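Observations on chain architecture
So you can see what is in the structure, the chains are spelled out below.
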Amino acid sequence: MMPPSIRALRSSRAPIRRVLLSQPCPICPRLTLQSARFSSTSTAAADASSLATRLRNLFYGTSISLFAVFSYLYITDTRAGVHRWLVVPALRWVYPDAEDAHHAGTKALKVLYSFGLNPRERNSKVQDAKGVDLGVTVFGQHLQNPIGTSAGLDKLAEIPDALFAAGPAIVEVGGATPYAQEGNPKPRVFRLPSQKALINRYGLNSLGADDMARRLRERVRLFAYENGYGIGEEAENMVLNGEAGVPPGSLVDGKMLAVQVAKNKNTRDEDIEAVKQDYVYCVEKLAPYADILVVNVSSPNTPGLRELQSVEPLTKILQGVVGAARSVNRKTSPKVMVKVSPDEDQDEQIEGIVEAIWRSGVDGVIVGNTTKRRHNLIAKDITLSTKEREILDEQGGFSGPHMFQRTLGLVKRYRQLLDQGPPAPSKQEGSKPVGGAESGDEPSSTITKKIESVKDALGGSGGADSVEVDGPISGGQRASDQKVIFATGGITNGKQALEILNAGASVAQVYTALVYGGVGTISRIKKEMKEEILQK
C-alpha cells in the first residue's frame, strides 16, 4: 500500500501537467525559418510561372499579329501566286458555268474592296530602281502605263475602282444600252481551258444607261465626300470639273475610265436615226462620268450590229455621239472612240471605217473584239477533247491567244491608214503620207525608239524614259489631230503588249488573259514589258 506522502505528491503533479499541457507551445525558430523559406520559394515559382505565361502569350500574340499582317500583305498583292494558281482553278471547280464564275468573282472583288481587302498592285522598288517607266501620253493626258482592261469584265460598272487597283491605266466598263435587256438565253459563256480561250454570246445584257449612270454618280459623290468637297450635286460638279485634280471618270491621277455604249437589240437596224438616238441617249446619261466613250458597233452577238460599220450609217451614228459628248455639262468633254470588229478585215471595209472616223470627228478606234470565225482558228495538230470540240462549234464570239496575230495585223493596217490623214474628196487610191522625221509613233517603230524619240522633247512631265504616243506624226498632222488606237484581242504577255504598241497602238487591252491568269495578270504583263525593254 502506497504511503500517503507519495499519493499526495502524485496528486499535486496532475494539475501541474494539465496546466502545462493547456499552455500554448512556443514556436520553434527552426520551423519558422523552414516555413519562410517554403513560402518564399512558392512565391518565386509563381512569379516565374506568371512571367513565362506572359512571355508565351506575348510570343503567341506577336506571331499571330505578324502572320495576319504578312497574310494581308501577301493576299492583297496582285503578284501573289495564289491569285493565279489557287483562286482561278477554285472558281472553275466551284462554278462549272463560266458566267456564274464571272459573277462570283465580281461580287468577291466588290466585297473585298469595300473592306479594303482587295488585291492591289504594289510597286517593286527593285524594278523602279532600274529606271523603266511605262508611262505614256494618250489624249494629252499622262497615263501610268499602256495597259487596259476591255469591256465585259465589269458590265455594270460595279468594280471600276477594284480593277484600277489591280494596275491598268485604262478600265473599260459596259456596254450599256439605253434600256435594260437580258441578252441571250443561258448558257451563253463557254470555256476552252486547254486553249485558254472563251466563247461568249452574252448579247449585251444590261441594266440600262440610267442604272449605270446612277452607280457612277454615287461613286463620284462618295469620292467628293471622302475628300472633303462636301455632299450633293455641288460637290459632284466640283469633282467633275477638275477641282479635285483627278480625271472625272477614273478619279485616279494617271488613269482613265472608258464607258462603252451600244444600241438595244430591239431597235431596228434599218432605222439609222433610231439607232443613233440609242447611242445619243446613253451618251447623255453617261458622258459626265466618263473620260472616254466607246461606241460598240462590233458585238457579234447582237443581230445586225456589225452592219452598222458601213461608211454612211457609221458616220451618222458617230457624228451624233460626238455632238452629244461635246455638249456634256462639264468643263472638259470625254473623248470618243469606236470599237470595230476583227472580222471586218477587207481593204474596202477598213478604208470605209477609217473614212467614217475622219468624217465624224471621233478621237480614235479600238481595234478588235471577239470573232465569229472558226476556220483555221486553232491549228489542226492541236488535239481537243470531245467536249471542247463541241464547245468550239457553239455560236458566239471567240476570244483568246489565237487572236493575237490577227489583232497585230489589223493595228498595223489601221495605223497606216489613219496616219495618212482624212481621205481626199476624190478618194484617190494609193495616197501616201508626206515623209517626215521619225517620231517614234510610226508602225515600224520599236518601243525603245519611242523612248529615245521623246527624251529631247519631254519637258519633264513623264520623265526621260516615258513613252510618248501622242506626239507629232508623219504626214504633217498636228499631235492633236492624230487618231489614237487601242488594241484588244489575244494579248496575254508583256512581249505581245510591246509588239502591239510598236505596231502603232497607244494602249493594249486584255480580257481573256485576266480570266485565266487572275487578278495579277496586269502586274505580270507590265513586269514582262520592263524585262523586255531592259534586254534591248
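Refer to the structure above for everything that follows.
Since the structure is predicted, the reported quantities are computational estimates derived from the model, not experimental observations.

On to the overall build of the protein chain. Assigned secondary structure in the protein chain consists of 17 helices and 14 strands. Split into buried and exposed, the 536 residues of the protein chain put 49% on the buried side. Expressed as a percentage of contacts within the protein chain between residues at least 6 apart in sequence, the contacts between residues at least 24 apart total 74%. For the protein chain, the accessible area works out to roughly 26600 Å², and carbon and sulfur atoms hold 56% of it.

One broad rule of soluble globular proteins: the nonpolar side chains tend to lie buried together. Formed by 91 residues in total, the largest nonpolar core has its most connected members in V259, Y279, L286, Y414 and I500. Leaving out residues up to four positions away in the same chain, V259 has contacts with V173, M212, L216, L286, A290, I292, L293 and V294. Ranked by size, the runner-up nonpolar core spans 15 residues in total, among them V138, A169, A258 and M337.

Attention shifts here to the layout of surface pockets. If a probe as big as a water molecule is rolled over the atoms, it shows which places are left empty. The space that makes up the largest pocket amounts to roughly 820 Å³. Elements supplying a minimum of two residues to the lining of the largest pocket: α3 (82-94), α4 (98-114), β5 (189-192) and α16 (512-517). At nine residues, the largest contribution of residues to the lining of the largest pocket is made by α4. Among the residues forming the lining of the largest pocket, the class breakdown is 27 nonpolar, six polar and two charged.

With that settled, consider α4. Between the first and last C-alpha of α4 there are 25 Å, a value that for 17 residues agrees with the 24 Å anticipated at 1.5 Å per step. Buried residues along α4 sit against α3, α6 (160-165) and β5. Where α4 starts, the residue carrying a side-chain oxygen 3.1 Å from the main-chain nitrogen of E99 turns out to be D97. A positive phi of about 70° marks G116, the residue just after α4.

Cut-off values and rules
Residues numbered from 1 in each chain as written. Predicted model: local features only at pLDDT ≥ 70, side-chain atom pairs only at ≥ 80, totals over all residues. Heavy atoms only, no water. Helix = DSSP H or I, 4+ residues; strand = E, 2+ residues; numbered from the N terminus. Buried < 20%, exposed > 50% of the residue type's maximum accessible area, 1.4 Å probe, protein only. Contact = heavy atoms within 4.5 Å. Areas by Shrake-Rupley, 256 points an atom, 1.4 Å probe, with all protein chains shown as cover. Core = buried A, V, L, I, M, F, W, Y, C linked by side-chain atoms within 4.5 Å. 1 Å grid on protein atoms, 1.4 Å probe; cavity = no way out; pocket = protein on both sides within 12 Å on 5 of 7 lines; lining within 4 Å. Points joined across faces, edges and corners; volume = space filled by probe spheres on them. Nonpolar A, V, L, I, M, F, W, Y, C, P; charged D, E, K, R; others polar. Expected span 1.5 Å × (residues − 1). Polar contact = N/O pair within 3.5 Å; in protein donor to acceptor, adjacent residues only side chain to side chain.

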